[in-house]
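The lines below spell out each chain.
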Amino acid sequence: MNVDIQDDGDSGSGQAVAFTIAANEQVHVLHPQQIIAYQGPSAGRADRLMDVKGMYRKRKLIRADMSGPCQFVAALPPGYRVKTMWLDGKSDLLYDFKHLFYYSKGISMQTRVLSMKNMFITRDMIKVKFSGKGNIGILTEGTVCEAELHPSDPLYVDAGSIIAYPENAKLELTVYGNHLASQHMSYHWKMTGHGPVLFQAGRQNRRFERENNEDGIVKRFLREALPFGGVFIK
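Residues numbered from 1 in each chain as written. Predicted model: local features only at pLDDT ≥ 70, side-chain atom pairs only at ≥ 80, totals over all residues. Heavy atoms only, no water.

As for the sheet that holds strand S2 (residues 15-21)
Moving on, step 1. Strand order in the open sheet formed by four strands is S1-S2-S7-S4, with antiparallel pairing between adjacent strands. Here the strands that pair on one side only, and so sit at the sheet edges, are strand S1 (2-6) and strand S4 (35-39). Strand-to-strand twist of the sheet, defined as the mean angle between neighbouring strand axes without regard to direction, takes the value 15°.
Moving on, step 2. Inspection of the sheet shows S2 paired to strand S7 (residues 70-76) by seven bridges, in the antiparallel sense. Across the sheet, Thr20 pairs through a bridge with Gln71, a residue of S7. (Pairing = 2+ DSSP bridges. Helix = DSSP H or I, 4+ residues; strand = E, 2+ residues; numbered from the N terminus. Axes fitted to C-alpha atoms, helices over the stretch in contact; angles between N-to-C directions.)

Structure, rendered in structure tokens:
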């Protein structure tokens, strides 16, 4: 399987992802409505109802199973990107299922249930761990960044920007900095452990644009001056 990501570098344009699937290969696409071009046998695409877990995780009903030999192109809206990753069966990273755009034949998934406290704050119940060998495509807003965890020196990452983290990681929802900083920032994960953390750098773009282009000075002052104003004043 070959995946060619086509991007003209214009932030206002979407991204195109071209797939070439060989015979005896199969890719499961979880956003089939984004497929805009296809070349191959008509029977090479079979849309199916996802199982109940998949429907809940993705909040979608249909996935497309694309079998080779074939070629197809999927289009992404402006601001979104796909990060392709090869899994060798040894990764212990936990992912948010909503970020999954596609996965190849040979990849299986197990769920991990979050604590009640974390469910309440993040509004998410489960994470997904992949096993097996193959490719996955992660849907992100902006560039994907990676940082290495330390067993005692914590890493703080915006809770809504996290894509994946090691299963062994110790997590605590918190804020940091001085009194004013901790009042107006979003919740962050305080993370320690071993292994890489993946997070997206584009999630704050819409908020940044809104604050600079639309908000008046009073709303901006209240958001930054009031305790947790950045969380409650949208």
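Observations regarding unusual backbone geometry
Moving on, step 1. With an omega of 5°, the peptide bond running from Gly68 to Pro69 counts as cis.
Moving on, step 2. One non-glycine residue with positive phi stands out, namely Asn24, at about 75°.
Moving on, step 3. Among the structural elements, Asn24 can be located in the loop between S2 and strand S3 (26-29).
Moving on, step 4. The exposure class assigned to Asn24 is exposed, which follows from its relative accessible area of 73%. (Buried < 20%, exposed > 50% of the residue type's maximum accessible area, 1.4 Å probe, protein only.)

Focus on the sheet that holds strand S12 (residues 126-131)
Moving on, step 1. Pairing within the open sheet is antiparallel, and its six strands lie in the order S11-S12-S9-S16-S19-S14. Unpaired on one side and paired on the other, strand S11 (108-113) and strand S14 (144-148) mark the two borders of the sheet. Shown here is a sheet whose adjacent strand axes are inclined to one another by a mean of 30°, direction ignored.
Moving on, step 2. One ladder, built from five bridges, connects S14 with strand S19 (residues 196-200); its direction is antiparallel. For Val144, the partnering residue across the bridge sits in S19 and is Gln200.

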